[in-house]
Each structure stands twice: as structure tokens, then as C-alpha cells.
Amino acid sequence: AGYLQLAQACPDPKKRGEYLGVVRGRLHDLEGLLDELFLYTRLAGGELPLSCVPTEVYPALCDALAGFFETFQEKGVQPVITFPQEGLRVQAAPEALRRVLRNLVSNALQHGCGDLSVTQAGCSLVFANRVPDPAALRPEHLFDRFYRSDNARQGAGAGLGLAIVRQLMERMGGSAGACLQGDRLCITLEFLPA
């Protein structure tokens, strides 16, 4: 509310525009948080029916990566894709699969550093990138709701993105796990074959 009040009282149009930009950014962050909280609540309560069908993973991955094109550009990060079976089909609910992939790409861009690699082997996908402080991460807790490795709770996330990933994967009959390999965080998705 403070920035909105500043904008209303500010006679300088340029400064007023800056204040309104901050308000828009905060509203966008709030919208994302509410969306995650609502989805997680529905998943945890068993209120979100998923219809799994044979679904191609590669096009969904490409869509997820393309959705973050500007962020990749801004951060100077390259996605490195190794996907030998581009026609791979798994049992998945298409919208849930897209959400899982978007959450993982977003998580890598927000909390990782360096290029993001995505590697397919059989019905598995591994998302891997370097993390700035591997000692601060507890891979066994990454999928816990509200878990955040930064105790200062900075940024727009509420710590639900990876919890949603695990919930959706389990609801589709698959799994999600994480481990550290040196300074690289590896998140593995295991799908049921179609």
C-alpha cells in the first residue's frame, strides 16, 4: 500500500510510473503465490482429479523452456538438452506435466547459477544446474512444503513449487527426487511408461 500511496501523492509522472511499476510487480508476485497455494491445497486435499494419458514429454519440455526465454536471456543462461528419444510418451496428465516442467525450470532459474541441463534416459528426466551454496541445501527436504534453503525468505517464492512437483508426479504414478553432485543440484523425475 505504501508505494500506491506514494504514487498517488507524487507530482512527478516519471517517479509515479516507477512506483506503479513496483506495485504491479508485487501484485504479480502475490498472484503467483496465491496460485501455488491454491493448487497445493487442492492437491493435498485430493480435490484435483488428474486424467493420465500417453503424453509426449519433449514438446512439453520445449514449451516450458520457451516460456522462460526472456529470463534465460537476462541471466545469460543456456538450457542444454540431451533428449535421445524425442518421441518418448509417458503416462501423464498433460497440464500437470506442463506445470511440473515449468516449476522445475523456474526453480533452476531462481535458485541456481550457470546453465541448466535436462537429460532424458528411458522414462526419466534429470534437471541439473550449479547452486551457489550447496552446503546450505538439504536435498531430502527440497520437496517439503514451505521449505526454502534461504532462511531470510527473500524473493517471491513461498517454497511450494517443488512440493507441487512431487505431489503432481505422485498423482501421475511417478516420482520426483533430488540429490547433490558436488555443486550441482540434480532433480530426477521418473514417469510411468505409456
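Below you will find a few notes about this structure. (Residues numbered from 1 in each chain as written. Predicted model: local features only at pLDDT ≥ 70, side-chain atom pairs only at ≥ 80, totals over all residues. Heavy atoms only, no water.)

1. Side note on the pattern of salt bridges
Pairs may arise between side chains of opposite charge once their charged atoms sit close together. What counts is decided by this rule: Only one rule defines a salt bridge in this text: a Lys or Arg side-chain nitrogen within 4 Å of an Asp or Glu carboxyl oxygen. Runs of E in the DSSP output that reach at least two residues are strands. Runs of H or I that reach at least four are helices, and both are numbered from the N terminus. Think of it in three bands: residues with accessible area under 20% of the maximum for their type are buried, residues over 50% are exposed, and the middle band is partly exposed, with areas taken using a 1.4 Å probe on protein chains only.
For the structure on display, the rule yields four salt bridges. Linking Arg-98 and Glu-95 is a salt bridge whose minimum nitrogen-to-oxygen distance equals 3.0 Å. With a gap of three residues between them, Arg-98 and Glu-95 both fall in helix α5 (residues 94–111), about one helical turn apart. For Arg-98, a relative accessible area of 32% puts it in the partly exposed group. Of the residues examined, Glu-95 reaches a relative accessible area of 44% and is grouped as partly exposed. Of the charged contacts, one joins Glu-95 and Arg-102 as a salt bridge, the two residues approaching to 3.4 Å between their closest N and O atoms. Residue Arg-102 is classed as partly exposed on the basis of its relative accessible area of 30%. Taken together, the shared-partner salt bridges connect Glu-95, Arg-98 and Arg-102 into one network.

2. Section: the packing of α5 against helix α6 (residues 161–171)
Axis angle and axis distance: for two packed helices, these are the angle between their axes and the distance between the axes, and together they describe the pair. To be explicit about the condition: The angle between two axes is taken between their N-to-C directions and runs from 0 to 180 degrees, where each axis is a line fitted to C-alpha atoms and a helix contributes only its stretch in contact. Angle categories: roughly parallel below 35 degrees, roughly antiparallel above 145, roughly perpendicular from 65 to 115, and oblique for all the rest. Each crossing gets its hand from how the near helix is turned against the far one by less than a right angle, where anticlockwise is left-handed and clockwise is right-handed. In this analysis, two residues are considered to be in contact whenever any of their non-hydrogen atoms come within 4.5 Å of each other. Gly falls in the polar group here, along with every residue not listed as nonpolar (Ala, Val, Leu, Ile, Met, Phe, Trp, Tyr, Cys, Pro) or charged (Asp, Glu, Lys, Arg).
Put simply, α5 and α6 touch, their axes get as near as 9 Å, and they point 150 degrees apart. Here α5 lies roughly antiparallel to α6, going by the angle between them. For the pair α5 and α6, the crossing hand works out as left-handed. Along the contact surface, α5 presents Ala-96, Arg-99, Val-100, Asn-103, Leu-104 and Asn-107, while α6 presents Gly-161, Leu-162, Ile-164, Val-165, Leu-168 and Met-169. Its residues assigned to classes, the contact of α5 with α6 comprises eight nonpolar, three polar and one charged.

3. Re the packing of helix α3 (residues 57–66) against α5
At a minimum axis separation of 9 Å, α3 and α5 run at an interaxial angle of 45 degrees. Judged on the interaxial angle alone, α5 and α3 are oblique. For the pair α3 and α5, the sense of crossing is right-handed. Between α3 and α5, the contacting residues are Val-57, Ala-60, Leu-61, Ala-64 and Leu-65 on the first element and Leu-97, Arg-98, Leu-101, Arg-102 and Val-105 on the second. Of the residues that constitute the contact of α3 with α5, the class distribution is eight nonpolar, no polar and two charged.

Shape descriptors only; they carry no functional weight alone.
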